[in-house]
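Spelled out from the first residue to the last, the chains are:
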Amino acid sequence: MGFGFGNFEKFDEQFKQRVGDIPLKLGGSSHNTYLNMLAELGIPATILYVMTPLALLFLTFRRWRHLPRSGLISRWLVVVLWFAVLDQLVVQNFEEMIHASYWGTALYWMTFGLIATVLSRVERQPVATDR
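Conventions we followed
Residues numbered from 1 in each chain as written. Predicted model: local features only at pLDDT ≥ 70, side-chain atom pairs only at ≥ 80, totals over all residues. Heavy atoms only, no water. Core = buried A, V, L, I, M, F, W, Y, C linked by side-chain atoms within 4.5 Å. Buried < 20%, exposed > 50% of the residue type's maximum accessible area, 1.4 Å probe, protein only. Helix = DSSP H or I, 4+ residues; strand = E, 2+ residues; numbered from the N terminus. Contact = heavy atoms within 4.5 Å.

> Which residues make up the nonpolar core, and what values go with them?
If you look at the biggest cluster of nonpolar residues, it comprises 15 residues, and the most contacted ones within it are Leu56, Trp82, Val85, Tyr108, Phe112 and Ile115. Of all elements in the fold, only helix H2 (33-63), helix H3 (75-92) and helix H5 (102-124) reach the threshold of two or more residues within this core. Considering each element in turn, this core owes the most residues, six residues, to H5. If we ignore the near neighbours within four places in the chain, the residues touching Leu56 are Trp82, Phe112, Ile115, Ala116 and Leu119.

Given below as structure tokens:
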């Protein structure tokens, strides 16, 4: 179930072990958002955290053919937004973003908000036929 939000640094040292001839280094952090989240909040909360991006990815594939091919609100905008999300995922794998970088976390979730907004606009518009 995890150590509780913000408690990872209190308990992580007791689980460190020496491996072979490599000296044990105390201190530091996991440097991975998702590993840190798993340790602090446990598997159920991490699954809930990941469900929103997965749901939006599923919705993107489902509504892809309804997105206009050109214009401001188009397929290219959605592709660029998903590349921004991919960039943040890569960054989050090398830096613990939730505690260390509020900017990165805010950018990550704001991008999902933009994707959801674009997809909701497509839902309200009539289906465009490709000719």
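And the narrative resumes.
> An account of the environment of Leu89 is needed here, citing residue identities and associated values.
Within the secondary structure, Leu89 is located in helix H3. Separated by 15 residues in the primary sequence, Leu89 and Gly104 place their C-alpha atoms 9.8 Å from one another. Ignoring any residue separated from it by four or fewer positions in sequence, one finds Leu89 in contact with Tyr34 and Tyr108.

So, to be careful, I would describe these as geometric facts and stop short of saying anything about function.
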